[in-house]
Amino acid sequence: MDALVSPLDIGPLDISRCARATGVPAKTIRYYESIGLLPPPKRALNGYRRYGGNEIETLRFVRRARDLGFSLDEIAKLLALWRDKNRASADVKALALEHARVLDDRIEQLKAVRGTILALAERCHGDRRPDCPILADIATGTDHHIMRAARKSPRPDRGASLNNARGDSPARPKKRK
């Protein structure tokens, strides 16, 4: 679709054309419908979904918010604010600033992870020998740079993924015979 065409000028589209017009895969559109982020579309007589300008505009909004890193819960709040013509812009700003704070926390975690990876790479000989401190560290999870970054996280779901959040036992490297 041409970027200059208003979504409201677009006639009903089937899901594949809607996906092309919005940049949101058809499977994701169905998912957004299933969780209530997008209202169920009208159906043609043959039962196929038909998306009009409002749905296309909403999907473009959601895609842009996802591109900016907002979670689906945050997007639901943004959509409610977007649809509320009597909203206070202060509410939108507060949500955006909180998201920026979360991004700052994540950036700090990623910097710590990067530092750990560089330190491990520095300790690795990078030759034909099988011993490798990088693999040994991944297998044992003994590096403290990552653990410190994860503990600093104010949101347990953010840092926990860096510390084996599923509780999997660490993989052991195979011994060569």
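Not measured: the values here are computed from a predicted model.

1. Describing the overall build of the chain
The secondary structure content of the chain amounts to eight helices and two strands. For the chain, the α and β elements follow one another from N to C terminus as α-α-β-β-α-α-α-α-α-α. Looking at the 177 residues of the chain, the share that counts as buried comes to 27%. Considering only residue pairs separated by 6 or more positions, the chain has 55% of its internal contacts joining residues 24 or more positions apart. Surface summary for the chain: the accessible area is close to 12,700 Å², and the carbon and sulfur share equals 55%.

2. A few points about the side chain of Thr-22
Within the secondary structure layout, Thr-22 lies in helix α1 (residues 15-22). A polar atom in the side chain of Thr-22 sits 2.9 Å from the backbone oxygen of Cys-18. Once you skip the residues sitting within four places of it in the chain, Thr-22 turns out to touch Ile-29, Ile-56, Leu-59, Arg-60 and Arg-63.

3. Some points on the pattern of salt bridges
Summed over all chains, the structure comprises six salt bridges. A salt bridge links Arg-49 to Glu-33, with the nearest nitrogen and oxygen atoms 2.8 Å apart. Separated by 16 residues along the polypeptide, Arg-49 in strand β2 (residues 49-50) and Glu-33 in helix α2 (residues 26-34) bring together distant segments of the chain. Note on Glu-33: relative accessible area 13%, which makes it buried. Put simply, Lys-111 and Glu-108 hold a salt bridge, and the shortest N to O gap is 3.8 Å. Remark: Glu-108 and Lys-111 occur in helix α5 (residues 89-123); sequence separation between them is three residues, near one turn of the helix.

4. Focus on the packing of aromatic side chains
Applying the stated rule across the entire model yields two aromatic pairs. Aromatic pair Tyr-31 and Tyr-32: ring centres 6.3 Å apart, planes at 50°, arrangement tilted. Centre to centre, the rings of Phe-61 and Trp-82 are 4.3 Å apart; their planes meet at 15°, and the pair counts as stacked. With Phe-61 in helix α3 (residues 53-67) and Trp-82 in helix α4 (residues 72-83), this pair connects stretches of sequence that are 21 residues apart. With relative accessibility at 26%, the residue Trp-82 sits in the partly exposed group.

5. Topic: the environment of Leu-59
Here Leu-59 lies in helix α3. Residue classification places Leu-59 among the buried positions, given a relative accessible area of 0%. Each C-alpha atom, one on Leu-59 and one on Leu-37, is 9.3 Å from the other, the two residues being 22 residues apart in sequence. Residues in contact with Leu-59, not counting those within four places in the same chain, are Cys-18, Thr-22, Val-24, Ile-29, Tyr-32 and Leu-38.

6. Side note on the nonpolar core
Judged by nonpolar contacts, the single largest core of 21 residues is most densely connected at Cys-18, Ile-29, Tyr-32, Leu-59 and Ile-75. Sorting the residues of this core by element identifies α1, α2, α3 and α4 as the ones contributing at least two each.

7. Side note on the environment of Arg-50
On the secondary structure map, Arg-50 appears in strand β2. Linking Arg-50 and Asp-14, residues 36 residues apart in sequence, is a C-alpha distance of 5.0 Å. For Arg-50, the residues in contact, after removing those within four places along its chain, are Pro-12, Leu-13, Asp-14, Pro-41, Lys-42, Arg-43 and Ala-44. At 3.0 Å, the side chain of Arg-50 forms a polar contact with the backbone oxygen of Pro-12.

Cut-off values and rules
- Residues numbered from 1 in each chain as written.
- Predicted model: local features only at pLDDT ≥ 70, side-chain atom pairs only at ≥ 80, totals over all residues.
- Heavy atoms only, no water.
- Helix = DSSP H or I, 4+ residues; strand = E, 2+ residues; numbered from the N terminus.
- Buried < 20%, exposed > 50% of the residue type's maximum accessible area, 1.4 Å probe, protein only.
- Contact = heavy atoms within 4.5 Å.
- Areas by Shrake-Rupley, 256 points an atom, 1.4 Å probe, with all protein chains shown as cover.
- Polar contact = N/O pair within 3.5 Å; in protein donor to acceptor, adjacent residues only side chain to side chain.
- Salt bridge = Lys/Arg side-chain N within 4 Å of Asp/Glu carboxyl O.
- Phe/Tyr/Trp six-rings, centres within 6.5 Å; stacked < 30°, edge-to-face > 60°.
- Core = buried A, V, L, I, M, F, W, Y, C linked by side-chain atoms within 4.5 Å.

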